Amino acid sequence: IGGGRDRLRIAIQKSGRLAEPARALLTACGLSWRESRDRLFCYGESLPIDLLLVRDDDIPGLIRDGVCDLGVVGRNVLVEQDIALTRTGAGPAFAELRALGFGACRLDIAVPDTWDWQGPPQLAGLRIATSYPAILQRWLDDQGIEAGVVELSGSVEIAPKLGQAEVICDLVSSGATLAANQLRPATTLLQSEAVLAGPAHAFDDARGALAELLLRRLDGVLRMRN
Ligand code: ATP
Ligand code: ZN
């Protein structure tokens, strides 16, 4: 896959919570595709706008590397990787172009449900397990709290039971997973939903007009849905 400058390439999740709604939204914008046999690449038919089907965590990096022009990804993933990249001194890497109205969830601190929650200072000196270490560390810094950040890639909600941490910082939608693990939400670090993400700088070729056309159609579809 090379870097065609006269076609726009959008990365979406291959399978998972955002896969279907992302595709449905782009279809509602009048896009259609011819699927390749490897199910990685979908060639745009109605417009020169192609899809790349990938893991959600890979989407910011693909935009950053110029492999893709835009992506549909949770704000939680975008902000996490943006903070991590900004720390390396490269400046903001990504722009959130539109909030898309699906995939809503929160990044919460959750504590054992027997605790009497007194507020963030209570976290001082504790270990907090999370898959979002950059967002968590920035929040702790903002609050002036020193706590241990234990980075886990999955099953964060069982970390207290395993003795890896006292509390967790994880995505919550219904709260059922927390409740099943004797945890309860204490405070929210980030309100998230699926967003259309792009690079921090505008396109300086034919992709600019395509992106504008897509955004115009997207705004029409989003307005109808609300
Ligand atoms: P992939 O295989 O692409 O890495 P994944 O398992 O990381 O998939 P999903 O579980 O499909 O990803 O979640 C994708 C996004 O859906 C999350 O990053 C988040 O923005 C959103 N989301 C909405 N509700 C929840 C929830 N309850 N738990 C986790 N993610 C949620
Ligand atoms: Zn993922």
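Residues numbered from 1 in each chain as written. Chains lettered and ligands numbered in written order. Predicted model: local features only at pLDDT ≥ 70, side-chain atom pairs only at ≥ 80, totals over all residues.

Provide a residue-level description of the sheet that holds strand β11 (residues 183-192), including the pertinent values.
Pairing in this open sheet of five strands is mixed, and the strands run β9-β8-β10-β7-β11 from one edge to the other. Pairing within the sheet leaves two strands with one partner each, and these edge strands are β9 (148-151) and β11. Across the sheet, the mean angle from the axis of one strand to that of its neighbour is 30 degrees, orientation sign disregarded. With four bridges connecting them, strand β8 (residues 127-130) and β9 associate as parallel partners. Directly across from A129, in β9, lies its bridge partner V150. (Pairing = 2+ DSSP bridges. Helix = DSSP H or I, 4+ residues; strand = E, 2+ residues; numbered from the N terminus. Axes fitted to C-alpha atoms, helices over the stretch in contact; angles between N-to-C directions.)

Account for the site of ligand 1, with residues named and values stated.
In the region of ligand 1, 15 residues are neighbours, and G16, R17, G74, C105 and S173 sit closest. Of the residues belonging to the shell around ligand 1, the class tally is four nonpolar, seven polar and four charged. (Near = placed C-beta within 6 Å. Nonpolar A, V, L, I, M, F, W, Y, C, P; charged D, E, K, R; others polar.)

So what about the domain arrangement of the protein? Which residues, and what values?
Each assigned domain of the protein is listed here: domain 1 (8-103 + 193-225) and domain 2 (105-192). Between the C-alpha centres of domain 1 and domain 2 there is a distance of 29 Å. Residue-level contacts link nine residues of domain 1 with nine residues of domain 2. No other element matches the six residues that helix α3 (residues 75-90) contributes to the side of domain 1 that touches domain 2. Tallied by class, residues from the side of domain 1 that touches domain 2 come to three nonpolar, three polar and three charged. (Domains from an automatic or database assignment. Contact = placed C-beta atoms within 7 Å.)

For the pairing of β8, give the residues involved together with the corresponding values.
In this fold, β8 hands off to helix α4 (residues 133-143), which returns the chain to β9; that crossover is right-handed. Taken together, the three bridges between β8 and strand β10 (residues 167-172) define a ladder with parallel strand orientation. For I128, the partnering residue across the bridge sits in β10 and is V167. (Right-handed = clockwise from strand over helix to strand, strands pointing away.)

Give a detailed account of the pairing of strand β3 (residues 41-44), specifying residues and quantitative values.
As defined by bridge partners, strand β2 (residues 33-35) adjoins β3 across three bridges and the pair is classed as antiparallel. Residue E35 lies in a different strand from β3, and its bridge partner there is C42. Of the strand pairs in this sheet, β3 and strand β4 (residues 49-54) are connected by two bridges, and their pairing is antiparallel. Bridging from a neighbouring strand, C42 pairs with L51 of β4. Two successive antiparallel strands, β3 and β4, enclose a turn made up of four residues.

So what's going on with the nonpolar core? Residues and values would help.
The nonpolar side chains of a soluble globular protein tend to be buried with one another. Core analysis: the biggest nonpolar cluster contains 55 residues, and I10, V72, I128, I168 and A197 have the highest contact counts within it. Here this core spans two domains, since at least three of its residues come from each of domain 1 (8-103 + 193-225) and domain 2 (105-192). Dropping the residues within four chain positions of it, I128 is found in contact with L123, L136, A147, G148, V149, V150, A165, V167, I168 and C169. (Core = buried A, V, L, I, M, F, W, Y, C linked by C-beta atoms within 7 Å. Buried ≥ 20, exposed ≤ 12 C-beta atoms within 10 Å, placed from the backbone.)

Could you give an account of the sheet that holds strand β1 (residues 8-13), naming the residues involved and the relevant values?
Ordered in space as β2-β3-β4-β1-β5-β12-β6, the seven strands form an open sheet in which the pairing is mixed. The sheet is open, and its two borders are formed by β2 and β6 (94-99), each paired with just one other strand. The mean angle between the axes of side-by-side strands here comes to 30 degrees, regardless of whether they run parallel or antiparallel. On the sheet, helix α1 (residues 19-28) packs against β1, β5 (70-74) and β12 (194-199) and is oriented at approximately 150 degrees with respect to β1. Strands β5, β6 and β12 of the sheet are contacted by α3, whose axis makes an angle of about 105 degrees with β5.

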